[in-house]
Amino acid sequence: MIQNYLILSVILFSLGILGVISRRNVFTVFMSIELMLNAANLAFLAFSRLHESMDGHVLVMMVMAVAAAEAALALAVVILLHKHKGKLDTNVFSLLKG
Amino acid sequence: MFAEGLFIGFSVLSVLGALGLVLFRHPMNGAMSLIVTMISLAGLYALLSAKLIFALQLIVYAGAIMSLIIFIIMFLNIQESDLPEEKGRLTYLIGGSVVIIPITLFLIKVVKSIPNAEATIVGNGFGGVKEVGLVLYQDWLLPFEIVSILLLVALIGAVVLAGKRRVIK
């Protein structure tokens, strides 16, 4: 049943949002974002299977490329901030306040 | 019948992994449970007869990205004392759930209004390398090139950010 896959995707996306808003560890927040990207991928593939068209698969590959780029950049930023502040708390990283 | 059982097993495993990611305190435990989620999602992709994406999920997500994250977690050598003290974590979790659960139920209701179809495995090369490659290079050529530029920019950015040796006066 396609609907079950979509329901699972909604549940995983909500858990990802919950992780982003309730945790203060940088790594957990970052991995929750990865979880949300995966939930979106599952929805893409379910719709792709529903319509039997291959466009969803191509979009999933694009999302994977974006996730890889995001992982490289975000981890570089985390290393820099850890070097400067010595902490992993997202509240410490509020550097963009005017 | 066999596919239904596989679907139930993989979906329960992926939701448990996601719950572990949200609830575990140490990021290493969270990363391990996220790997469980990724691998069971790869199984679900195989059930949706996306053969290429199944392999890519295992190689790129569960392999490359997660090992990068775990490498960085171990590189920073995070002790129990380095973790932020999350005293109000349960409060935030309950408050977040109060906001998120109605939205989730609404979205599930929306999803249930979609015409249903059986998710049987499709044969004749659906989701294989050749078919996806044809779609990718015929209909999605420009986005594919833009993704290559994005990866180049991310590479340069990571080198500039992490490889800085300048001493700031």
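Model, not experiment: these values are computed from the prediction.

1. Let's talk about the overall build of chain A
Here is step 1 of the chain: Helix and strand content of chain A: 3 helices and 0 strands.
Here is step 2 of the chain: At 16 Å, chain A has a C-alpha radius of gyration far larger than the 13 Å of a compact globule built from 98 residues.
Here is step 3 of the chain: Based on the C-alpha atoms only, the size of chain A along its principal axes is roughly 50 × 25 × 25 Å.
Here is step 4 of the chain: Counting across all 98 residues of chain A, residues that qualify as buried make up 48%.

2. A word on the packing of helix α1 (residues 2-22) of chain A against helix α2 (residues 26-51) of chain A
Residues and elements named next belong to chain A.
Here is step 1 of the chain: Orientation of α1 relative to α2, taken along the N-to-C sense of each, is 165°, at an axis distance of 8 Å. Looking at the two axes, α1 sits roughly antiparallel to α2. The two elements α1 and α2 meet at a crossing, and its hand is left-handed.
Here is step 2 of the chain: Partitioning the contact of α1 with α2 into residue classes produces 18 nonpolar, 6 polar and 1 charged.

3. A look at the environment of I114 of chain B
Here is step 1 of the chain: Relative to the elements of secondary structure, I114 of chain B occurs in the loop between α4 (89-112) and α5 (129-138).
Here is step 2 of the chain: With 13 C-beta atoms packed within 10 Å, I114 of chain B lands in the partly exposed category.
Here is step 3 of the chain: On a C-alpha basis, the gap between I114 of chain B and R89 of chain B in space is 36 Å, while along the polypeptide they are 25 residues apart.
Here is step 4 of the chain: Residues contacting I114 of chain B, with those up to four places away along its chain left out, are Q3 and L6 of chain A.

4. Re the packing of helix α1 (residues 2-23) of chain B against helix α2 (residues 27-47) of chain B
Residue and element names in this part refer to chain B.
Here is step 1 of the chain: The interhelical angle for the contact between α1 and α2, taken along N-to-C directions, is 155°, at an axis separation of 8 Å. Here α1 lies roughly antiparallel to α2, going by the angle between them. Crossing angle aside, the handedness with which α1 passes α2 is left-handed. Across the interface between the two elements, A3, L6, F7, F10, S11, L13, S14, G17, A18, G20 and L21 of α1 pack against N29, G30, S33, L34, V36, T37, S40, L41, G43, L44 and L47 of α2.
Here is step 2 of the chain: Taken together, the residues that form the contact of α1 with α2 break down as 12 nonpolar, 10 polar and no charged.

5. Observations regarding the interface of chain B and chain A
Put simply, an interface is often sized by how much accessible area is lost when its parts join up.
Here is step 1 of the chain: Contact with chain B, which involves 70 residues of that partner, is made by 59 residues of chain A.
Here is step 2 of the chain: At the level of secondary structure, the elements contributing two or more residues to the side of chain B that touches chain A comprise α1, α2, α3 (51-76), α4, α5 and α6 (141-162) of chain B.
Here is step 3 of the chain: Among the elements that line the side of chain B that touches chain A, the one with the most residues is α3 of chain B, at 12 residues.
Here is step 4 of the chain: Across the side of chain B that touches chain A, the residue classes break down as 53 nonpolar, 11 polar and 6 charged.

6. Let's talk about the confidence of the model for chain B
Here is step 1 of the chain: In the predicted model, chain B carries a mean pLDDT of 88, and the fraction of residues at 70 or more is 96%.
Here is step 2 of the chain: Here the prediction assigns the complex a pTM of 0.91, and the interface score ipTM is 0.90.

7. Details of the environment of M61 of chain A
All names here are of chain A.
Here is step 1 of the chain: Residue position: M61 is located in helix α3 (residues 55-85).
Here is step 2 of the chain: Residue classification places M61 among the buried positions, given that 21 C-beta atoms sit within 10 Å.
Here is step 3 of the chain: In the structure, M61 is positioned 30 residues away from M31 in sequence and 19 Å away in space, judged by C-alpha atoms.

8. Thoughts on the nonpolar core
Here is step 1 of the chain: In terms of nonpolar packing, the biggest core is built from 57 residues, with L42 and L45 of chain A together with Y45, L48 and I69 of chain B touching the most fellow members.
Here is step 2 of the chain: Those elements that place two or more of their residues in this core are α1, α2 and α3 of chain A together with α1, α2 and α3 of chain B.
Here is step 3 of the chain: If one sorts the elements of this core by residue count, α2 of chain A sits on top with 11 residues.
Here is step 4 of the chain: Discounting residues that sit within four places of it in the chain, L45 of chain A has contacts with G56 and V60 of chain A together with Y45, L48, A50 and I53 of chain B.

About the cut-offs
- Each residue is numbered by its place in its chain's sequence as written, counting from 1.
- Chains carry letters from A onward and ligands carry numbers from 1 onward, assigned in written order.
- Local features in this predicted model are restricted to residues whose pLDDT is 70 or higher, and side-chain atom pairs enter the listing and the counts only when it is 80 or higher, whereas totals over whole chains, interfaces and linings include all residues.
- Secondary structure elements follow DSSP: runs of H or I no shorter than four residues count as helices, runs of E no shorter than two count as strands, and numbering proceeds from the N terminus.
- We compute the radius of gyration over the C-alpha atoms and compare it with the globule rule, which gives 2.2 Å times the number of residues raised to the power 0.38.
- For every residue, the other C-beta atoms within 10 Å of its own C-beta are counted; 20 or more classify it as buried, 12 or fewer as exposed, and values in between as partly exposed. C-beta atoms are placed from the backbone.
- Each axis is a line fitted through C-alpha atoms, taken for helices only over the stretch in contact, and angles between the N-to-C directions span 0 to 180 degrees.
- Each angle gets one of four labels, with under 35 degrees taken as roughly parallel, over 145 as roughly antiparallel, 65 to 115 as roughly perpendicular, and the rest as oblique.
- In this scheme, a crossing is called left-handed if the near helix is turned counterclockwise away from the far one by less than a right angle; it is called right-handed if the turn is clockwise.
- Residue polarity follows a fixed list, in which Ala, Val, Leu, Ile, Met, Phe, Trp, Tyr, Cys and Pro are nonpolar, Asp, Glu, Lys and Arg are charged, and the others, Gly among them, are polar.
- Here the contact rule is simple: place C-beta atoms from the backbone, and any two residues whose C-beta atoms are within 7 Å are in contact.
- Per-residue confidence from the prediction method is given by pLDDT, with values spanning 0 to 100.
- Think of a nonpolar core as buried Ala, Val, Leu, Ile, Met, Phe, Trp, Tyr and Cys residues chained together by C-beta atoms that fall within 7 Å.

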